[in-house]
Amino acid sequence: MPDLVGANGQREDFRVVGKPNLPGKVSYALATGIAKFGIDYVVPNMLHAKFLRSPYANAKVLSVDTSKSLALPGVVDIVTWEDEDFQTFQKQSFYAAPPGPRRQWLDNYADQEGVEVAVIVVAEDEDICEEALRLLDVQWEVFPPVVNTLKGLDPDSPHARPRDEIYHGKDPFARLVDEPKKGNVTKALTVQGDVDKALKEAENIIEYKLMLPAFASQIPNPPASVAWWFNDPYATEPGPSLHIEGAVQRRELISALYKVPVENTVQEGIFQGGKYCDWGMRRSQEITPLLARRTGRPVRCANTREDTFDFLMNERFMYMKVGFTNEGLITAIDDYSIADGGIDGNASFGTANDHGYGPYYTMKCLNIRQYMEIVDTNRGKMYLSGQHCPFNWDSGTMAIYLIAEKLGKDPIDIAKLNLHGPDSQEDDRSVPSFDVCLEEGKKLMNWNWHASGMKKLPDGRYHGASFRYQICPRHAFTSYYTKLEYRFGKIVMPTQGPVTGIYAVECNAMVVAEELGIEYDDVIVEYNYKEVFTPVGGGSDGTTASAWVMKECAAKLKQQILEAAAYEAENPPPPAMKGPQLPPGPNPLKGYKAEELDLVGGYVVVKKDPSIRRLLEHAALQIIVATYAGRPPDALWSLGRGKMLDTMNTAYCEVAVDTETGEVEILRLGAVADPGKVLRPTSLESQIDQVMFFSQGCQLLEEMVWDERSGVRLNNNMIDYKKPTTLDVPHIDRKFLETRAGNAAYGASGISHSLANTHMVIIAIHNAIGVWVDPPATPDKVLKALGKI
Amino acid sequence: MYTQESTSAAASSLIDALPDKIDVFRCPICSAVTANYDSLRRHYDECHVAEIPPIMVTLRLNGRQTEVLAPPNWTLQRTLQFKLGLTGAKHMCDKGVCGSCTVIMDGRAVLACTTLVVECQGKDIQTVEGIAADAKWKPLVDAYCRWDAMQCGYCTPGFLVSAKALLDKNPNPTEEDCREALSGNICICGTYPRHSTAILEAALKIAEDNQAKGAQR
């Protein structure tokens, strides 16, 4: 029960937290189309901008003649990489910039087909921009592309990043091997124990390969911005003010980019859209202030959907060697992988720093080696993830499955055997959260394990099942700065936003309502870009860690309200022009001290006799503000608290495979999760559905395809790149458990996307038909794996 | 605060702001102002022979007769956003495959990103703003919000319009009917099961409201 550290201890009774079907604070704006995203903004007298986008995957612009384009009616400005404006203009990083020289914001190198390069055209409308781009006379030097990751590994391979040595910064999260980079390859290594010795002594060894597919950006809304400059007579800082919409939450980065005081930078919109592990901004979101300054008019720049296929979950080939005992206890893990490093500027959290948070984090095994070769390619910007990414946990999931197959055991039993205890890798006890998840999971799924190829359904198809687990992580990447204002019986919760779809602000509001004895609807979320509080820092972190901080803030506010109520009962304030009309008669709280009072159901009540009460808005007429800054105690991942295990989740899959047609049908998905405490069940369900469906998508449907000779993307559109629809998604059974063992509000942990995976369906297919099919397991690949085509 | 009342009122304001008539016929190339549409066309014949003049389209948009001037290659989605101030029909795939720009035209759910505005002459078109402003559909919007039939919310208006088009034709849909009707809408946040739940709840509420109104009469 770690949450006892909090000001409120471990609350037992909940009135608001955990209640389903409370609408989100901005849901009505989203559902009705009133919400404006960056791409929606249209302002008077607005110009449009478009980048030259490279038709080549690896090329250099030698020269550009813009004369024909400039002569086109409606063209207002053309900027090239040689323009003075770009000499001092540098990209702002999502996190601390690596040391050393950095790449020019816009240069003449194209490292991906479709990437912005060399030229920007500004015109009266987008059609004129397109025409002006067609009229450019561009001289290219074209280099051979690297779009096959494995071929890119070859020392003789063409270089994917010709100028790499100049600007390539080290991934601040990765443990890179300290040696000069060779060709396209960077190496990363993490070692624990003596892997070679442990493998030599192992009673059994399995070797297997996993191919993690590259699948496309999860951003639904094409990024865009519109910006203009204005003179604000009320600005506190001298100089022109900048208004930008579409760079949501990144006001500080924009102000730094343009060297404008942040106080003079306006960014009112709060709707960011989906940004699932796709952080930072696109160029279209950063460039508009520059173009607006040059032209003296508002400028809009928007990506198309095709442009937005530029960011991918990275392709990764994993070659695994696992030693284990005859009982199934893993004693050695040798994990070698080749990962697609993509183009410069990938998002590379935890490249190989996975012992701190990955599948091996949960295991008793003390001998682990992870060695990764990261290959620069011209395929796109990559989410270059280590095993910490939920998708990559399946190296562990697969080990457990294969050991079970080899020993004729249930993989759930193998997982239990290998999971270490709550406190450390050496802790031999079982994890209570894991035990209850498995118990409920078996019931939910009528779990009855069979070896591969052993179960045929009445319709002749083969049945397969799989299971995986993950942790519900204790997060606290960041501190949160919270502020609450009591105002005439209501609570105002100022927040900067943004709205990202994780319902974090709602969880915060529910906690506030819970602590202050008021209704959820009486917590008014006031969005203001100038505020500091933003419940964002990763999905789980933003939701649960910020909710812990908000709980502390609410506790402070409650104390202040009760003190005000006690004071005002003794010292009635004189009538005011504004504020509620007080009821006639004496104040029933007169004579009571703050510590004798409580807040219940919208009233200030006397603890020992709650029938003595006064409506909150009448009991305290003062405007009261409380603030709190901090983060929840004992966060694991970010604070290095070691290999503790507390809140877990499990997922299950059943498939039917038709060996005649190669078709795979997911019969059922199951999720039994213990997020410690369910704060907002409706959004928790939805979060789980989302990861299950995009996991389904990448295992059965989705695949980015490049032409190997030209490096051109062949299916960067929503027709050819197949996402699941309502008719594709299977039924999901979900069950939530509450062990209260997390570190955030009321013992909650995050769940985020920890159920996301690339191999749960693939393993179930293997369990059905006894062969491996790399994702996506399309019918042709299934038939090929079966040797039928 | 975004409430049902405030968003419905905002949608009504957007609809009220739609132009009944075009007041100024300005040449988009040289900014010359002409007296009417015919003179604008003549101006093109005289001054911009190689260019194609904008077309004038009259449509019934969310119950209002509306005139708009737009280039003939413009889609309905682009016209709604850039000429008429309605951004509920979202630009997403631009290929007629994701449903985020869905509107109802003469009773049918159609995709505004692959419908040219020139095809909309004289058509009756309803966008999500029209649904939001119509009290009759409050139960549908309420149900969407109660059930979190949205996460990031970008595709949600398209789903809501498809849902309304379904309920127009079939006031008592099954879950299968809902899945079928929404199969042209893609949600990358994976909210699919929540839409059916919301629509089924809304259908019941709308039926109850209708019954109550019938009883009052």
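If you're wondering where the values come from, they're calculated on a predicted model, not measured in any experiment. (Residues numbered from 1 in each chain as written. Chains lettered and ligands numbered in written order. Predicted model: local features only at pLDDT ≥ 70, side-chain atom pairs only at ≥ 80, totals over all residues. Heavy atoms only, no water.)

Caption draft 1: Seen up close, the overall build of chain B. Along the backbone of chain B there are eight helices and seven strands. Across its three principal axes, chain B shows a C-alpha extent of roughly 60 × 40 × 35 Å. For chain B, the residues scored as buried account for 53% of the 217 residues in total. Sequence separation of at least 24 residues holds for 57% of the intrachain contacts in chain B that already meet a minimum separation of 6. Carbon and sulfur atoms make up 50% of the accessible area of chain B, which amounts to about 9100 Å² in all. (Helix = DSSP H or I, 4+ residues; strand = E, 2+ residues; numbered from the N terminus. Buried < 20%, exposed > 50% of the residue type's maximum accessible area, 1.4 Å probe, protein only. Contact = heavy atoms within 4.5 Å. Areas by Shrake-Rupley, 256 points an atom, 1.4 Å probe, with all protein chains shown as cover.)

Caption draft 2: Just the environment of Ala163 of chain B, in detail. Residue and element names in this part refer to chain B. Among the secondary structure elements, Ala163 is positioned in helix α6 (residues 156-169). Judged by its relative accessible area of 0%, Ala163 falls in the buried class. Separated by 32 residues in the primary sequence, Ala163 and His195 have C-alpha atoms spaced 8.3 Å apart. Setting aside anything within four residues of it in sequence, one finds Ala163 in contact with Leu140, Tyr144, Leu182 and Ile199.

Caption draft 3: Up close: the pairing of strand β28 (residues 664-673) of chain A. Residues and elements named next belong to chain A. Counting buried positions over the 10 residues of β28 gives eight, a clear majority of the element. Of the pairings in the sheet, the one linking strand β27 (residues 648-657) to β28 comprises nine bridges and is antiparallel in character. Opposite Thr650, over in β28, you have Val672 as the bridge partner. Hairpin connection between β27 and β28: a loop of six residues separates the two successive antiparallel strands, and Gly662 in this loop has a positive phi of roughly 80 degrees. Here β28 runs beside strand β29 (residues 732-736); their pairing, made up of five bridges, is parallel. The residue bridging Ala671 from the neighbouring strand is Arg734, located in β29. One crossover worth recording links β28 to the parallel β29 by way of helix α16 (residues 681-700), and it is right-handed. (Pairing = 2+ DSSP bridges. Right-handed = clockwise from strand over helix to strand, strands pointing away.)

Caption draft 4: Main features of the packing of α16 of chain A against helix α17 (residues 760-769) of chain A. Residues and elements named next belong to chain A. Between α16 and α17, the shortest axis-to-axis distance is 8 Å and the interhelical angle comes to 55 degrees. Taken as axis vectors, α16 and α17 run oblique relative to one another. Only Met760, Val761, Ile762 and Ile765 of α17 make contact with α16, whose side of the interface consists of Met692, Gln699 and Leu700. Partitioned by chemical class, the residues of the contact of α16 with α17 number six nonpolar, one polar and no charged. (Axes fitted to C-alpha atoms, helices over the stretch in contact; angles between N-to-C directions. Parallel < 35°, antiparallel > 145°, perpendicular 65-115°, else oblique. Nonpolar A, V, L, I, M, F, W, Y, C, P; charged D, E, K, R; others polar.)

Caption draft 5: Spotlight on the interface of chain B and chain A. With 52 residues of chain B at the contact, the number on the chain A side is 63 residues. When residues of chain B are sorted by the area they lose upon contact with chain A, Tyr2, Gln151 and Ile188 of chain B head the list and together hold 15% of the total. The salt bridge involving Arg78 of chain B is made with Asp127 of chain A; its shortest N-O contact spans 3.2 Å. The interface formed by chain B and chain A contains 19 residue pairs in polar contact (both at pLDDT 80 or more). Taken together, the elements giving at least two residues each to the side of chain B that touches chain A come down to α1 (4-16), α3 (76-82), α4 (128-133), α5 (138-146), α6, α7 (175-181) and α8 (192-216) of chain B. Ranked by the residues each element gives to the side of chain B that touches chain A, the list is headed by α1 of chain B, at five residues. Its residues assigned to classes, the side of chain B that touches chain A shows 27 nonpolar, 14 polar and 11 charged. (Buried area = accessible area lost by both parts, 1.4 Å probe. Salt bridge = Lys/Arg side-chain N within 4 Å of Asp/Glu carboxyl O. Polar contact = N/O pair within 3.5 Å; in protein donor to acceptor, adjacent residues only side chain to side chain.)

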